[in-house]
Amino acid sequence: MKKNLVLLGMMAVGKTTLGKIVAKKQELKFIDIDASIEKKNSMTIKEIFKKKGEKFFRMEEEKEVLKSLEKNNCVIALGGGAFMNKTVRENILKNAISIWLNVDIKTLNKRVKWNQKRPLLKEKNGQKKITELYAERKDIYKLANHKIACDNLTKEDIAEKIIALYEKY
């Protein structure tokens, strides 16, 4: 029985895509925290933010992450802000293997520009907001067990790096 693998990082970095690839290759269960919250609430993240607020969403996020960490043999993709929660972070650091998937701001801006599902980027000035979020979060993300710089790597290359790190445990 292996510890859970938790992928964290900014929105649009590829946590869900890579999580699915790694889970399949390692024959582990895949859990996408945002998708779990959407299913549980029968609303998109954007709708939850709009109708119930970010505070409600963050409480749901904490519950879902803690519930997921109780399971075994899982790859868990966090939402971009989940690791900022002290309770979530401490539980992950104590009970799982965490990997920060990092890309530079330019890459992030390219990826999120077309994505309307991001409630924190609803303002017109999305590029400025993502730069601010990254600046706020990167010092917390650094607390993860490992970091992978994903710029200029293929999904397969990143997945192999994740697996190599995970297999050390």
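A brief report on the enclosed structure follows. (Residues numbered from 1 in each chain as written. Predicted model: local features only at pLDDT ≥ 70, side-chain atom pairs only at ≥ 80, totals over all residues. Heavy atoms only, no water.)

What to know about the overall build of the chain
Helix and strand counts for the chain come out as seven helices and five strands. A compact globule built from 169 residues would reach a C-alpha radius of gyration of about 15 Å, and the chain, at 15 Å, matches this within 12%. Buried residues in the chain amount to 47% of all 169 residues. By sequence separation, contacts in the chain at least 24 residues apart represent 74% of the contacts at least 6 residues apart. Charged side chains in the chain number 38 positive and 22 negative. The centres of these two groups are separated by 2 Å. (Helix = DSSP H or I, 4+ residues; strand = E, 2+ residues; numbered from the N terminus. Rg over C-alpha atoms; globule rule 2.2 N^0.38 Å. Buried < 20%, exposed > 50% of the residue type's maximum accessible area, 1.4 Å probe, protein only. Contact = heavy atoms within 4.5 Å. Lys, Arg positive; Asp, Glu negative; His and termini not counted. Charge placed at Lys NZ, Arg CZ, Asp CG, Glu CD.)

Details of the sheet that holds strand β3 (residues 74-77)
Across a sheet, paired strands are connected by hydrogen bonds in the backbone, their directions being either parallel or antiparallel. An order of β2-β3-β1-β4-β5 is seen for the five strands of this open sheet, with the pairing classed as parallel. Across the chains shown, the open sheet's two edge strands, defined by having one partner strand only, are β2 (29-32) and β5 (146-149). When strand polarity is set aside, the average angle formed by the axes of neighbouring strands in this sheet is 20 degrees. The pairing of strand β1 (residues 4-8) with β3 spans three bridges and is classified as parallel. (Pairing = 2+ DSSP bridges. Axes fitted to C-alpha atoms, helices over the stretch in contact; angles between N-to-C directions.)

Limitation: the analysis is restricted to geometry and does not speak to function.
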